[in-house]
Amino acid sequence: MKINLGKTALKIDMSFAAAVTLTLILDESGVCACALFCCMVHEAGHIICLWIAGERPSSVVLSFYGVKLERGFSCVCGKTEEILIYAAGPAANALLSAAFFPFGEKARAAAVISLFVGLFNMLPCRPLDGGNILFFALCRFTDEDRAEKICFWISAAVLLPMAAAGLALLLKSGNITLIAASCYLAAVGFTERGGIKNVKI
């Protein structure tokens with residue numbers, strides 16, 4: 001499904017609709033629904049910062065694999081603005097967490113989930129926000145190719161122990177979350193090196 005919102009196209013993949021429906025049906029605890037809401041707030045932070053910087057995303061794509069802002073080929077933002085755009089998502093999660101924390105046990109649980117979403121996205125590996133912040137910070141001191149190589153090795157240094165911990169967790173308790181996240185980040189980050197036109201969540 002595609003909805004035009006001015007210059008931005010909102011694309012909703014059937015896999016996203018199916019995932020949301022199954023989550024709402026099967027998740028009696030409400031944890032997954034809360035995590036989804038926190039991710040939407042995270043994405044809103046990116047969008048608002050883009051608008052403030054004077055840029056409109058060409059499309060917002062919602063799919064089973066997450067949310068992606070597709071930016072046009074005429075990006076108007078400099079390196080400092082890019083850092084702020086990528087930092088805006090985790091910042092939105094931190095603000096949401098601070099707003100929720102004072103209000104009861106359920107609100108505090110939501111605050112923890114929001115904080116976790118923000119902190120996870122600050123890991124220094126691409127395509128996460130932390131990895132892109134690192135890339136643009138390095139670009140202020142060196143060329144893009146060298147910055148890309150440094151980010152690649154830092155991402156590997158983060159993902160390898162993360163995958164090892166995920167494998168240990170899988171063998172111990174059968175929980176596949178961490179190793180699945182590690183494999184997904186490795187697949188996306190190492191196959192789409194060099195792309196700076198998309199904000200991926």
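Before reading on, note that the structure itself is shown above.
Residues numbered from 1 in each chain as written. Predicted model: local features only at pLDDT ≥ 70, side-chain atom pairs only at ≥ 80, totals over all residues. Heavy atoms only, no water.

Q: Please clarify how a nonpolar patch on the surface should be interpreted in this entry.
A: A contiguous nonpolar patch, built from I48, W51 and I52 and spanning about 360 Å² of accessible area, is present on the exposed surface. Within the element layout of this structure, I52 appears in helix α2 (residues 31-52). (Patch = residues over 30% accessible without salt bridge, like charges linked within 9 Å, V, L, I, M, F, W, Y side chains within 5 Å. Areas by Shrake-Rupley, 256 points an atom, 1.4 Å probe, with all protein chains shown as cover. Salt bridge = Lys/Arg side-chain N within 4 Å of Asp/Glu carboxyl O. Helix = DSSP H or I, 4+ residues; strand = E, 2+ residues; numbered from the N terminus.)

Q: Got a minute to help me understand helix α6 (residues 144-173) in this structure?
A: One turn of an α-helix holds 3.6 residues; hence residues three or four places apart share an orientation. When the terminal C-alpha atoms of α6 are compared, their 42 Å separation across 30 residues agrees well with the 44 Å that a helix rising 1.5 Å per residue should span. In this structure D143 caps α6, since a side-chain oxygen of it lies 3.1 Å from the backbone nitrogen of D145. (Expected span 1.5 Å × (residues − 1). Polar contact = N/O pair within 3.5 Å; in protein donor to acceptor, adjacent residues only side chain to side chain.)

Q: I tried to follow the side chain of R126 on my own but got confused; where do I start?
A: Residue position: R126 is located in the loop between α4 (104-121) and α5 (129-139). Reaching out from R126, the side chain makes a polar contact with the side chain of N132 at a distance of 3.0 Å.

Q: Would you take a moment to explain the packing of aromatic side chains for this structure?
A: For any pair of aromatic rings, the description rests on two quantities: the centre-to-centre distance and the angle between the ring planes. Scanning the model with the defined rule gives four aromatic pairs in all. Taking the centre distance of 6.0 Å and the plane angle of 25 degrees together, the rings of Y86 and F136 count as stacked. Of this pair, Y86 sits in helix α3 (residues 79-100) while F136 is found in helix α5, placing the two residues 50 residues apart along the sequence. Overall, the relative accessible area of 0% leaves Y86 in the buried class. With relative accessibility at 5%, the residue F136 sits in the buried group. With a centroid separation of 5.2 Å and an interplanar angle of 85 degrees, the aromatic rings of F152 and W153 are classed as edge-to-face. Through a chain of ring-to-ring contacts, three or more aromatic side chains come together here, namely Y86, F135 and F136. Above the face of the F135 ring, R126 is positioned so that its terminal group lies 4.3 Å from the ring centre. (Phe/Tyr/Trp six-rings, centres within 6.5 Å; stacked < 30°, edge-to-face > 60°. Buried < 20%, exposed > 50% of the residue type's maximum accessible area, 1.4 Å probe, protein only. Lys NZ or Arg CZ within 6 Å of the ring centre and 35° of its normal.)

Q: What is the right way to look at the packing of α2 against α3 in this model?
A: When two helices pack together, their arrangement is given by the angle between their axes and by how far apart the axes lie. Two elements in contact, α2 and α3, have axes separated by 7 Å at closest approach and are oriented at 135 degrees. It follows from the interaxial angle that α2 and α3 lie oblique. Pair α2 / α3 crosses with right-handed handedness. When α2 is examined against α3, the residues F37, C38, V41, H42, G45, H46, C49 and L50 are found in contact with a partner set consisting of L84, I85, Y86, A88, G89, P90, A92, N93, L96 and F100. Partitioned by chemical class, the residues of the contact of α2 with α3 number 13 nonpolar, five polar and no charged. (Axes fitted to C-alpha atoms, helices over the stretch in contact; angles between N-to-C directions. Parallel < 35°, antiparallel > 145°, perpendicular 65-115°, else oblique. Left-handed = near helix turned anticlockwise from the far one by under 90°. Contact = heavy atoms within 4.5 Å. Nonpolar A, V, L, I, M, F, W, Y, C, P; charged D, E, K, R; others polar.)

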